[in-house]
Amino acid sequence: MRVLSLVCTLSPSPKPSSSQLLAEQVGAEFEKLGAEVETVRVVDHDVRPGVELDMGGGDAWPALREKVMAADILVLATPIWLGHPSSVCQRVLERLDAELSETDAAGRLLTYGKVAAVAVVGNEDGAHKVSADLFQGLNDTGFSLAPGAVTYWVGEAQQGTDYQDLDETPEAVASTTHTLVVNSLHLAERLRQHPYPAS
């Protein structure tokens with residue numbers, strides 16, 4: 001199984017990122033179960049705005065899309081900003097919109113059979129709302145979601161602690177991350193063996 005994590009932090013490398021950290025923890029759990037994992041920080045690439053497969057002018061999305069197409073499982077990791085996924089994450093969803101026009105010989109979207117999951121970090125509540133937004137966009141563009149397809153951490157309201165500043169991973173986060181990984185792998189394996197029927 002191949003897993004691609006697209007980290008949608010606003011911070012370019014090598015700046016520390018809580019979204020990157022949580023994505024790496026999710027990836028480590030996948031690797032424990034034998035999956036091949038690649039993690040990409042989207043903001044390090046010139047992904048142009050738009051809803052086409054290639055927006056031209058050096059657009060970096062086509063190369064990232066190749067990675068998405070090669071993966072069995074896509075993880076979107078995002079911070080919460082003003083109660084929403086980051087603008088980088090929204091751009092990824094907008095670029096995935098082009099997949100609605102891409103089908104195989106049986107009329108299925110090329111993303112059918114691929115599983116998606118979400119990782120969210122923030123300084124106060126909002127993870128359920130953000131994951132709901134992402135779930136809908138991912139499902140609209142052809143991805144399947146396993147039960148428990150999100151892991152998240154949010155700190156107390158009106159305080160400045162970041163996930164990356166914690167001394168250790170909270171047990172609730174570690175347990176939720178493990179569930180996300182086990183269920184996503186299970187679904188991806190079932191879909192590989194039994195693809196969706198032709199449209």
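Heads up: these notes are all about the structure in this document.

**Some details on the overall build of the chain**
Next up, step 1: Helix and strand counts for the chain stand at five helices and six strands.
Next up, step 2: Overall, the chain shows an N-to-C arrangement of helices and strands of β-α-β-α-β-β-α-β-α-β-α.
Next up, step 3: Its C-alpha atoms give the chain a radius of gyration of 16 Å, within 12% of the compact-globule value 16 Å for 199 residues.
Next up, step 4: Along the three orthogonal principal directions, the C-alpha set of the chain runs to about 50 × 40 × 25 Å.
Next up, step 5: The 199 residues of the chain split such that 43% are buried.
Next up, step 6: A sequence separation of at least 24 residues applies to 79% of the contacts in the chain between residues at least 6 apart.
Next up, step 7: When the accessible surface of the chain is split by element, carbon and sulfur atoms take 51% of a total near 9600 Å².
Next up, step 8: Each charge class in the chain can be summarised by its mean position, and for the 14 positive and 28 negative side chains these summaries are 6 Å apart.

**Here's the deal with the pattern of salt bridges**
Next up, step 1: Under the defined criterion, the tally for this structure stands at nine salt bridges.
Next up, step 2: Lys32 serves as the salt-bridge partner of Glu29, at 2.9 Å between the closest nitrogen and oxygen. Pair noted here: Glu29 and Lys32 are both in helix α1 (residues 18–32), with a separation of three residues, about one helical turn.
Next up, step 3: A relative accessible area of 64% places Lys32 in the exposed class.

**Regarding unusual backbone geometry**
Next up, step 1: For the bond from Ser13 to Pro14, the omega torsion is 5°, close enough to zero to count as cis.
Next up, step 2: When you line up the elements, Pro14 lands in the loop between β1 (2–7) and α1.
Next up, step 3: You will see that Leu82, though not glycine, has its phi angle at about 55°, which is positive.
Next up, step 4: Its place among the elements puts Leu82 in the loop between β3 (73–81) and β4 (84–85).
Next up, step 5: When its relative accessible area of 83% is taken as the criterion, Leu82 is described as exposed.

**Some words on the packing of helix α3 (residues 87–96) against helix α4 (residues 127–140)**
Next up, step 1: Put simply, α3 and α4 touch, their axes get as near as 9 Å, and they point 20° apart. Classified by the interaxial angle, the pair formed by α3 and α4 is roughly parallel. In this structure, α3 crosses over α4, and the sense of that crossing is left-handed. Where α3 abuts α4, its residues Cys89, Leu93 and Leu96 lie against Leu134, Gly137 and Leu138.
Next up, step 2: Among the residues forming the contact of α3 with α4, the class breakdown is five nonpolar, one polar and no charged.

**Looking at α4**
Next up, step 1: With 14 residues, α4 extends 20 Å from end C-alpha to end C-alpha; this agrees with the ideal 20 Å at 1.5 Å per step.
Next up, step 2: Taken as a whole, α4 has its buried residues at Ala127, Val130, Ser131, Leu134, Gly137 and Leu138. The buried residues of α4 occupy an angular sector of 130° when the element is viewed end-on, so they sit on one face.
Next up, step 3: Looking at the buried side of α4, the elements it contacts are β3, β4, α3, β5 (115–122) and β6 (144–154).

**What to know about the side chain of Thr177**
Next up, step 1: Inspection of the secondary structure puts Thr177 in helix α5 (residues 171–193).
Next up, step 2: For Thr177, a relative accessible area of 3% puts it in the buried group.
Next up, step 3: Other than its neighbours up to four places away in sequence, Thr177 contacts Leu22, Gln25, Val26, Glu29 and Thr151.

**A few points about the environment of Val181**
Next up, step 1: Among the secondary structure elements, Val181 is positioned in helix α5.
Next up, step 2: Judged by its relative accessible area of 0%, Val181 falls in the buried class.
Next up, step 3: Along the primary structure Val181 and Leu64 are separated by 117 residues, whereas in three dimensions their C-alpha atoms are 22 Å apart.
Next up, step 4: Discounting chain neighbours no more than four positions away, the residues touching Val181 are Val26, Glu29, Phe30 and Leu33.

What counts and what doesn't
- Residues numbered from 1 in each chain as written.
- Predicted model: local features only at pLDDT ≥ 70, side-chain atom pairs only at ≥ 80, totals over all residues.
- Heavy atoms only, no water.
- Helix = DSSP H or I, 4+ residues; strand = E, 2+ residues; numbered from the N terminus.
- Rg over C-alpha atoms; globule rule 2.2 N^0.38 Å.
- Buried < 20%, exposed > 50% of the residue type's maximum accessible area, 1.4 Å probe, protein only.
- Contact = heavy atoms within 4.5 Å.
- Areas by Shrake-Rupley, 256 points an atom, 1.4 Å probe, with all protein chains shown as cover.
- Lys, Arg positive; Asp, Glu negative; His and termini not counted.
- Charge placed at Lys NZ, Arg CZ, Asp CG, Glu CD.
- Salt bridge = Lys/Arg side-chain N within 4 Å of Asp/Glu carboxyl O.
- Axes fitted to C-alpha atoms, helices over the stretch in contact; angles between N-to-C directions.
- Parallel < 35°, antiparallel > 145°, perpendicular 65-115°, else oblique.
- Left-handed = near helix turned anticlockwise from the far one by under 90°.
- Nonpolar A, V, L, I, M, F, W, Y, C, P; charged D, E, K, R; others polar.
- Expected span 1.5 Å × (residues − 1).
- Arc of directions from axis to C-beta.

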